[in-house]
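# Coordinate inspection notes
Here is how the chains run, residue by residue.
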Amino acid sequence: MPRLSEVIAALENLWPAERAEPWDAVGTVVGDPDQEVSRVLFAVDPVQEIVDEAVKLDADLLVTHHPLYLRGTTTVAASTFKGRVVHTLIKHDIALHVAHTNADTADPGVSDALAGALDLRVVGPLVPDPADPSGRRGLGRICELDHPLTVRELALKAAERLPATAQGIRVAGDSEATVRTIAVSGGSGDSLFDQVRAAGVDAFLTADLRHHPVSEARAHSPLALLDAAHWATEWPWCELAATQLDEISDRNGWGLRVHVSDTVTDPWTAHAASNPPTRTTGAPN
């Protein structure tokens, strides 16, 4: 069995820490470099529910996309929910490694996995990494559809292919418009509207879209917007990353058992649909 330091070296080769954004907190959070690793669990969020799953699985390493501590802290007391995560991990000899924005811009990365889940053909990055001479790394992806779909059909396909969440898929724009090209970005993407418009695509699928940026984007162009749950747009990366580690394990003869958590950690748990809108003479109640 490999040691944790060997597995982490392989993960750092896939997602180098120096490619993370300056504000990010990536890398190994908990773990003894000399401990042996035989079972690995991938998940989006390092929350207690996922850590408990790692314990039941008898995993030695938990790899998550989201950081545990994005900002500094003065305590890891078990009376705090993040401190309890740390205590549980250490008590059960489970290491925690985070690949966040360094996985977003990787080749392949989070948005490649999102495109793959929707059967989209990746053309290139939405925001290219200037440090990549191949032009393949960067934030988001510009994609083509094998066959044109209406916005409605594309939204239904996204709802079918991405993990089910309470939110589902929200749409802004003409549902009957034709989509041949689309930009995708796993996670929060409403800071990318300028780049999306510059790409000249028909639609943009991402998460966490807010009222004012969407309103302004719709005023600028007929671009269709598809808003999925943040967790759902990033979960496909877990499957991609697990496959990458499986291949590394096979090459090195490590015999790792690699798993992907299908536990839904999206914080939204229910959705009550509104009645069809009706024209009124005054403001809605």
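Structural data are supplied above this passage.
Residues numbered from 1 in each chain as written. Predicted model: local features only at pLDDT ≥ 70, side-chain atom pairs only at ≥ 80, totals over all residues. Heavy atoms only, no water.

## Here's the deal with the sheet that holds strand β10 (residues 224-228)
- Taken in spatial order, the six strands make up an open sheet running β5-β6-β8-β9-β10-β7, and their pairing is mixed. On the outer flanks of this sheet lie β5 (121-128) and β7 (170-172), each paired with one strand and no other. On average, adjacent strands in this sheet sit at an angle of 25° to one another, irrespective of strand direction.
- The strands touched by helix α6 (residues 151-161) within the sheet are β6 (138-150), β7, β8 (178-188), β9 (203-207) and β10, with β6 carrying the most contacts at an inclination of about 115°.
- Contacting β7 and β10, helix α8 (residues 211-220) runs over the sheet at an angle of about 160° to β10. (Pairing = 2+ DSSP bridges. Helix = DSSP H or I, 4+ residues; strand = E, 2+ residues; numbered from the N terminus. Axes fitted to C-alpha atoms, helices over the stretch in contact; angles between N-to-C directions. Contact = heavy atoms within 4.5 Å.)

## Details of the environment of E247
- You can see E247 is positioned in helix α9 (residues 230-252).
- The partly exposed category is assigned to E247, whose relative accessible area is 44%.
- C-alpha separation for the pair E247 and N102, spaced 145 residues apart in sequence, amounts to 20 Å. (Buried < 20%, exposed > 50% of the residue type's maximum accessible area, 1.4 Å probe, protein only.)

## Let's talk about helix α5 (residues 110-117)
- The buried count for α5 comes to seven of eight residues, which makes it a mostly enclosed element.
- Those residues of α5 that sit buried are V110, S111, D112, A113, L114, A115 and A117.
- D119, located one to two residues past α5, shows a positive phi value of around 60°.

## Focus: the pattern of salt bridges
- One pass over the structure, following the stated rule, counts eleven salt bridges.
- A salt bridge links R121 to D146; its shortest N-O distance comes to 2.3 Å. Remark: D146 occurs in strand β6 and R121 occurs in strand β5; sequence separation between them is 25 residues.
- Where salt bridges share partners, they join R121, E144 and D146 into one cluster. (Salt bridge = Lys/Arg side-chain N within 4 Å of Asp/Glu carboxyl O.)

In short, the description is geometric, and any link to function would need to be established separately.
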